[in-house]
Amino acid sequence: MTSQPDPVRLVLHEGTPSRATGVWWPSGRSLAEALPDLFDQWPEDGSRIVRVLFSPPDWDDRPRSVPIRGGRVKTGCFPMDDTRTLVVTTLEGRRYHLRVVPPDASPAEAAASMTTSAV
């Protein structure tokens, strides 16, 4: 019996030195539960994430910070609803604008989103 590999849930695209883009497919609508998974998928050679901005309509919770391996990360909301977007800021000041694929998307829909151009 062959087990299916875990689906790809994070794809990052190169961008300018201060801004990059990508696509993230969280496994649920709880930001507090989904963010640790994003951190686990973050490239090891990438810089440390220090802040995450999110769009409130995409999530069932609105935490001010989230526990991650090795500490906590601050979170905040966009001043306006920018649905299906997450902005991740690294220690070096680089901002990653991630398009959020709805958690209930099928694996085929998520894969299609991952292969199209980023935000």
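Residues numbered from 1 in each chain as written. Predicted model: local features only at pLDDT ≥ 70, side-chain atom pairs only at ≥ 80, totals over all residues. Heavy atoms only, no water.

## Description of the nonpolar core
Soluble globular proteins: nonpolar side chains tend toward being buried together. To keep it simple, the criterion reads: What makes a nonpolar core is a set of buried Ala, Val, Leu, Ile, Met, Phe, Trp, Tyr and Cys residues whose side-chain atoms join them at distances within 4.5 Å. Per-residue accessibility, obtained with a 1.4 Å probe over protein chains only, is compared with the maximum for each type, and a residue is labelled buried under 20%, exposed over 50%, and partly exposed between these values. Secondary structure elements are taken from DSSP: a helix is a run of H or I of four residues or more, a strand is a run of E of two residues or more, and numbering for both begins at the N terminus.
Trp24, Leu35, Leu38, Val52, Leu86, Val88 and Leu98 are the most contacted members of the largest nonpolar core, which has 21 residues in total. Residue assignment for this core shows that the elements contributing at least two residues are β2 (19-24), α1 (31-41), β3 (49-54), β4 (65-68), β6 (85-90) and β7 (95-100).

## Structural notes on the packing of aromatic side chains
So the rule is basically this: In this scheme Phe, Tyr and Trp rings, the latter by its six-membered ring, pair at centre separations within 6.5 Å, and the angle between planes marks the pair as stacked below 30 degrees, edge-to-face above 60, and tilted otherwise. Ring-over charges, as used throughout, are those where CZ of Arg or NZ of Lys falls within 6 Å of the ring centre and within 35 degrees of the ring normal.
For the structure shown, the criterion picks out two aromatic pairs. The cationic tip of Arg9 hangs over the ring face of Trp25; the distance from NZ or CZ to the ring centre is 3.9 Å.

## Some words on α1
Stated formally: It is the directions from the helix axis to the C-beta atoms that the arc portrays.
Within the span of α1, buried status applies to Leu31, Ala34, Leu35, Leu38 and Phe39. In a view along the axis of α1, the buried residues occupy a sector of 145 degrees, so they form one face of it.

## Quick look at the pairing of strand β5 (residues 71-77)
Threshold: When DSSP finds two or more bridges between two strands, those strands count as paired.
Judged from the four bridges that link them, β3 and β5 form a sheet pairing that is parallel. Among the inter-strand pairings, Val52 is bridged to a residue of β5, identified as Thr75.

## Thoughts on unusual backbone geometry
Positive phi, close to 65 degrees, is recorded for Arg84, a residue that is not glycine. Residue placement: Arg84 occurs in the loop between β5 and β6.

## What about the environment of Leu86?
Note the threshold: Note on contacts: a residue pair is in contact if any heavy atoms of the two residues lie within 4.5 Å.
Secondary-structure assignment places Leu86 in strand β6. Residue classification places Leu86 among the buried residues on the basis of a relative accessible area of 0%. Distance in space between the C-alpha atoms of Leu86 and Thr115 is 18 Å, their sequence separation being 29 residues. Leu86 has contacts with Trp24, Leu31, Leu35, Leu38, Val52, Leu53, Phe54, Tyr96, His97, Leu98 and Val100, leaving out every residue within four places of it along the chain.

Interpretation in functional terms is not warranted from these geometric data alone.
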